[in-house]
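If you want the building blocks of each chain, they are given just below.
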Amino acid sequence: MAGETYREDFLPPSPKVLAIHLELMEYPLLGKKIRERMRKEIVNRGIIDLITFENEVKEKALRSQQREHLADPYTEESEEDWIERLDKMRDILTEFYYAMNFEHKHFLDIVQEVLSHKNKKNFQGNFFPSINPEIAPWKMLFAQANQIENLPEDQKQALQHHLREIIVVLTKGMLSDQLSFVGIAKNVLKISDLEWIFRHRIGRGKIGGKAGGMMLAKSILHNPDPDDPVDFQKMVTIPDSYFLGSDVIYDFVQENNIIEMVQIKYKPFDQINAEYPELVEKFVAAHIPERYRNQLHKLLQEVGQVPLIVRSSSLLEDNFGIAFAGKYESYFCPNQGSIEENLTALCEAIKKVYASIVSPTAIAYRIQKGLIDYDERMAILIQKVEGQRFGDYFFPVIAGVGFSHNPFVWNARIDRNSGFLRIVTGLGTRAVDRLGNDYAKMVALSHPTLQPVKSSFEKLQYSQKFMDVINLKANTMETVHFSEVIDWHFPHLPMIGSVHYDRELHPILMLGPGTIDGQIVITLENLLKNVQFVAVMNGILRKLERHYQRPVDIEFTVEILSQVPFKFQIHLLQCRQQSKRIEEHEFLIPTTIPKHKLVLVSKRMVTTGRIINIRYVIYIDPEKYNTIESDFTRIQLARTVGQLNTILGKEIFILVGPGRWGSSNLNLGVPVTYADIFNARALVEIAIPYGDAAPEASYGTHFFQDLVESNIYPLPIYPDEQGSRLEYDFFRSSPNILSSFIPGLDDFSEFISVIDVKAVTNGCVLEIIMNAQQEEAVCFITCEIKEGDLNDYGPYKRVRPATS
């Protein structure tokens, strides 16, 4: 073959030559044999004949003497130095001719050939490859690891320590350098897992916490364990995934000069809120660097016209101890247009995810967690959406979140350690987001058919009404009433639905219109009666918790493969440490509190905990809130709560208000975000129906995880239910001191008030005690507990240490 040659005094600079030279430096002893093999290839392929090559070596050696200003080389340089000069020039020309005429993988093949020959010849159980994994090129590490994997079992076992070191180095480089993460990964990740990530990564840098957690969980589950209820390797998979490395955002910011991304986090919070919308516009108007855009174009060609989701995967996200649940954005791309249209939509979704790094909610969370000075690099996880096509719509039959530790109990029979699911039909957004007009199914895995609601009327009232789907024809993501998608012909209806007639819910036994004259209701009853489904979900959560050595939560979809017999597969989308409040003790509810000191009593969906010395109450009257006609006023109320959250940051205060704090439906609750409430100690939700919408607790949503992680107690109260109690007079008749904190809000004082408990109770404070086992919570007026008297439990007593 015709080879590329170079005859000038100096060899031209070349990244190819430099790459080979640096890699050969890792083989100070074997390098000689490797170069001999390279020269043999150069000559055998006809790139240059041996005589011409040696003449060029001598010629360039002579010219190098001139460059080093040797006036008389024959007298100033010894025979030994001349031979060394020839050897060095021979090595330089070998690297040059090989690099310029062969693909790099051929070089790696030669390296492995030489190593394999040495291994077969000299292996005595103590062979250690001459390679430093910490500084070696990754391609070389993969080649080395695969060589070890292909050795006979006895030799492979002798080199497991080196294979593990390679896995650790690649894990730290591509996934996470957190020691807690690496400590698990080195025992479960295989070199094939890391190669798969490497092949699916665009750009440099790590793939981020969300992507890393998914890969780690998949590897844990796919490693067989005697306690596995099923073969998880067959039952659990992950979506086709691609990763935009965490260093890509540096190039994006630099090429578009978006310096505000770094600066805004140190500005006053009101200014961050005001400037964020404009900053989002700047991000969206910016361009993805061309080299990455070209690779995204290739990605779209590879996956075809299938729906995609673009998900945040920052280096802090899904961290061990810091969940960042719902702080950064994710966007669906229906991906049904031309490839250029799809590429534009994909790039816009990526830019919006990047912009969410500087969202007020994300910045508030990082401030609260002491992470504001951290260089938050955002990787991107691009996945095929798991689901099936039904008519013009695409969605998973079942999606949801699972927790290995049940965050609350609604019946004393429920075992917290058996896990909890929050599931829906359709895209899982309705399982993790707190929505204004719909309800996910809450499942205690210890008693999957035991629901928080009892009567058929309540089951109907609290059933799922809407679905998030991808409309393939319209190329959009939509929220539709389930009846637009699911009818009597829907193939999986018996598993997800019931029929309501004669004021009762009945199972659906067969498909077809006119089978039963009744209303279809999404109940998921038959799914939850399936013993294998419950066992598989419980097994997944138990195994992951065992390896993480702490509770976990997951996001998943369920693909139904057949109805009879019932077969299914779990698609794992995410895994992270579960936000969990660990109570030091449980407390019995006091029975001797005078009635005139009781402020509220809740008998439903309570957690366990105690809050003492509550000085302030921020109260929004639910009846007056329902009279507000302007969305602007409701939004301003939420911002006022945010201002008070900052002002009262060092005080102990609670929020008491209508329906659903953080709801996306402004009619049902105050639309606060995490940034507005993170200093509060409790969110009391007065569950009063609005129109046809029934109140619902937030358990299992990202909003709920925020509360748990920040040690904020959610406390729903249903005033109209027997045994519950809410003393409206206390909240409505107490003086409103809002203006002393924020002057000039007279127009809002009708709806929101701040109560100084000490001022209205002659120096007393409020205390809240919650006991999930007793299914009761109380808030009452009591004496302040001084710092040295924290073990004085007053009229109630401490019981056994909490085990969950």
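For clarity, every value in this text was computed on a predicted model and none was experimentally measured.

### Some remarks on the overall build of the protein chain
So, point 1. Within the protein chain, the regular secondary structure consists of 31 helices and 28 strands.
So, point 2. Scored against the burial criterion, the 804 residues of the protein chain give a buried share of 58%.
So, point 3. Taking as baseline every contact in the protein chain between residues at least 6 positions apart, the subset at least 24 positions apart corresponds to 76%.
So, point 4. Carbon and sulfur atoms make up 50% of the accessible area of the protein chain, which amounts to about 34700 Å² in all.

### Focus: helix H11 (residues 191-199)
So, point 1. If you check which residues of H11 are buried, you get Ile191, Asp193, Leu194 and Ile197. Around the axis of H11, the buried residues are gathered within 155° of arc, so they sit on the same side.
So, point 2. Buried residues along H11 sit in contact with helix H7 (138-149), helix H9 (160-174), helix H10 (179-188), strand S1 (201-202), helix H12 (209-222) and strand S3 (241-244).

### Digging into the pattern of salt bridges
So, point 1. A full pass over the atoms with the stated rule returns 38 salt bridges.
So, point 2. With a closest N to O distance of 3.0 Å, lysine 543 and aspartate 228 form a salt bridge. One end of the pair, lysine 543, is in helix H24 (residues 531-548); the other, aspartate 228, is in the loop between H12 and helix H13 (232-235), with 315 residues separating them in the sequence.
So, point 3. The partner of glutamate 545 in a salt bridge is arginine 542, with the nearest N and O atoms 3.3 Å apart. Note that glutamate 545 and arginine 542 are positioned in helix H24 at a spacing of three residues, about one turn of the helix.

### Remarks on the packing of helix H16 (residues 269-285) against helix H19 (residues 360-368)
So, point 1. Close contact between H16 and H19 brings their axes to 10 Å; oriented N to C, the two are set at 150°. As far as their axial angle goes, H19 and H16 are roughly antiparallel. Where H16 approaches H19, its residues Phe269, Ile272, Asn273 and Tyr276 are matched on the opposing element by Pro360, Ile363 and Ala364.
So, point 2. Considering only residue class, the contact of H16 with H19 consists of six nonpolar, one polar and no charged.

### Re unusual backbone geometry
So, point 1. Omega for the bond connecting valine 564 with proline 565 falls within 30 degrees of zero, at -10°, which places this linkage in the cis form.
So, point 2. Within the fold, proline 565 resides in the loop between strand S17 (552-562) and strand S18 (567-577).
So, point 3. One non-glycine residue, asparagine 762, lies in the positive phi region at around 60°.
So, point 4. Along the polypeptide, asparagine 762 turns up in the loop between helix H31 (757-760) and strand S27 (765-771).

### Remarks on the state of the cysteines
So, point 1. Tallied over the full model, the rule gives zero disulfides.
So, point 2. No disulfide involves cysteine 347; its sulfur sits 9.4 Å from the nearest other cysteine sulfur, which is in cysteine 333.

### With respect to the sheet that holds strand S24 (residues 713-717)
So, point 1. Overall, mixed pairing links the five strands, which are arranged S24-S23-S22-S21-S26 in an open sheet. In the strand order of this sheet, the two ends are held by S24 and strand S26 (752-756), each with one partner. Each adjacent strand pair in this sheet contributes to an overall mean axis angle of 15°, direction not counted.
So, point 2. Here four bridges tie strand S21 (residues 616-620) to strand S22 (residues 653-658), and the two strands are oriented parallel to one another. Looking at the pairing, valine 617 lines up with isoleucine 654 of S22.
So, point 3. Strands S21, S22 and S26 of the sheet are contacted by helix H26 (residues 631-647), whose axis makes an angle of about 25° with S26.

### A word on the sheet that holds strand S16 (residues 519-522)
Through backbone hydrogen bonds, the strands of a sheet pair up, either in parallel or in antiparallel fashion.
So, point 1. Spatially, the three strands line up as an open sheet ordered S15-S14-S16, and their pairing is antiparallel. A single partner strand is all that each edge strand has here, and the edge strands are strand S15 (504-507) and S16. For this sheet the average axis-to-axis angle between neighbouring strands, irrespective of direction, equals 40°.
So, point 2. Note that strand S14 (residues 497-501) and S15 share four bridges and pair antiparallel. Paired with valine 499 across the strands is histidine 506, a residue of S15.

### Here we look at the nonpolar core
So, point 1. In this structure, Leu194, Phe533, Ile540 and Ile570 are the most contacted members of the largest nonpolar core, which totals 82 residues.
So, point 2. When residues in this core are grouped by element, the largest group, eight residues, is from H24.
So, point 3. Sequence-distant contacts of leucine 194, that is, excluding residues within four places in its chain, are made with Phe142, Ile167, Leu170, Thr171, Met174, Leu175 and Leu189.

### Brief notes about the environment of serine 219
So, point 1. Relative to the elements of secondary structure, serine 219 occurs in helix H12.
So, point 2. With relative accessibility at 2%, the residue serine 219 sits in the buried group.
So, point 3. As for serine 219 and lysine 190, which are separated by 29 residues in sequence, their C-alpha atoms are 7.9 Å apart.

### A short note on the confidence of the model for the protein chain
So, point 1. For the protein chain, mean pLDDT is 85; residues scoring 70 or higher make up 87% of the total.
So, point 2. In the predicted structure, residues 121-129 sits below a pLDDT of 50 and forms 13 contacts with residues beyond four places in sequence or in another chain.

### Points about H7
So, point 1. Compared with an ideal rise of 1.5 Å per residue, which puts 12 residues at 16 Å, H7 spans 16 Å between its outermost C-alpha atoms and is within 8% of the ideal.
So, point 2. For H7, the complete set of buried residues consists of Met140, Leu141, Phe142, Ala143, Gln144, Ala145, Gln147 and Ile148.

### Some details on the packing of aromatic side chains
So, point 1. One pass over the full model with this rule turns up 17 aromatic pairs.
So, point 2. Ring centres of phenylalanine 390 and phenylalanine 395 lie 5.0 Å apart, and the angle between their planes is 35°; on these two criteria the pair is classed as tilted. We note that phenylalanine 390, like phenylalanine 395, is buried.
So, point 3. For the pair phenylalanine 730 and phenylalanine 731, a centre-to-centre distance of 5.3 Å together with 85° between the ring planes defines the contact as edge-to-face.
So, point 4. With relative accessibility at 3%, the residue phenylalanine 731 sits in the buried group.
So, point 5. A connected cluster of aromatic rings, assembled from ring pairs, spans Phe53, Phe96 and Tyr97.
So, point 6. A cation over an aromatic ring shows up here: arginine 610 above the ring of phenylalanine 587, its NZ or CZ 5.3 Å from the ring centre.
So, point 7. We note arginine 634 situated over the ring of tyrosine 625; from NZ or CZ to the ring centre the distance is 5.1 Å.

### Comments concerning the environment of aspartate 231
So, point 1. The residue aspartate 231 is located in the loop between H12 and H13 in this model.
So, point 2. Accessibility expressed as a relative area gives 39% for aspartate 231, which makes it partly exposed.
So, point 3. Along the backbone, aspartate 231 and leucine 221 are 10 residues apart, and their C-alpha atoms lie at a distance of 8.9 Å.

### Describing a nonpolar patch on the surface
So, point 1. A cluster of nonpolar side chains, contributed by Leu18, Leu22 and Met25, occupies part of the molecular surface with about 310 Å² of accessible area.
So, point 2. Note on placement: methionine 25 falls in the loop between helix H1 (15-24) and helix H2 (31-44).
So, point 3. Judged by its relative accessible area of 53%, methionine 25 is exposed.

### Section: the environment of phenylalanine 780
So, point 1. Turning to its location among the elements, phenylalanine 780 is positioned in strand S28 (residues 776-782).
So, point 2. Put simply, phenylalanine 780 and leucine 598 are 182 residues apart on the chain and 4.4 Å apart in space, counted from C-alpha to C-alpha.

### Some remarks on the side chain of lysine 156
So, point 1. Relative to the assigned elements, lysine 156 resides in helix H8 (residues 153-158).
So, point 2. Owing to a relative accessible area of 17%, lysine 156 belongs among the buried residues under this scheme.

### Considering the packing of H7 against H9
So, point 1. The contact between H7 and H9 brings their axes to 10 Å, and the two run at 145°. Every pair of crossing elements has a handedness; the one defined by H7 and H9 is left-handed. In this structure, H7 uses Trp138, Leu141, Phe142, Gln144, Ala145, Ile148 and Glu149 to contact H9, whose residues at the interface are His162, Leu163, Ile166, Val169, Leu170, Gly173 and Met174.
So, point 2. Looking at the contact of H7 with H9, its residues break down into 10 nonpolar, three polar and one charged.

Definitions and cut-offs
Residues numbered from 1 in each chain as written. Predicted model: local features only at pLDDT ≥ 70, side-chain atom pairs only at ≥ 80, totals over all residues. Heavy atoms only, no water. Helix = DSSP H or I, 4+ residues; strand = E, 2+ residues; numbered from the N terminus. Buried < 20%, exposed > 50% of the residue type's maximum accessible area, 1.4 Å probe, protein only. Contact = heavy atoms within 4.5 Å. Areas by Shrake-Rupley, 256 points an atom, 1.4 Å probe, with all protein chains shown as cover. Arc of directions from axis to C-beta. Salt bridge = Lys/Arg side-chain N within 4 Å of Asp/Glu carboxyl O. Axes fitted to C-alpha atoms, helices over the stretch in contact; angles between N-to-C directions. Parallel < 35°, antiparallel > 145°, perpendicular 65-115°, else oblique. Nonpolar A, V, L, I, M, F, W, Y, C, P; charged D, E, K, R; others polar. Disulfide = S-S within 2.5 Å. Pairing = 2+ DSSP bridges. Core = buried A, V, L, I, M, F, W, Y, C linked by side-chain atoms within 4.5 Å. pLDDT = per-residue confidence, 0-100. Expected span 1.5 Å × (residues − 1). Phe/Tyr/Trp six-rings, centres within 6.5 Å; stacked < 30°, edge-to-face > 60°. Lys NZ or Arg CZ within 6 Å of the ring centre and 35° of its normal. Patch = residues over 30% accessible without salt bridge, like charges linked within 9 Å, V, L, I, M, F, W, Y side chains within 5 Å. Left-handed = near helix turned anticlockwise from the far one by under 90°.

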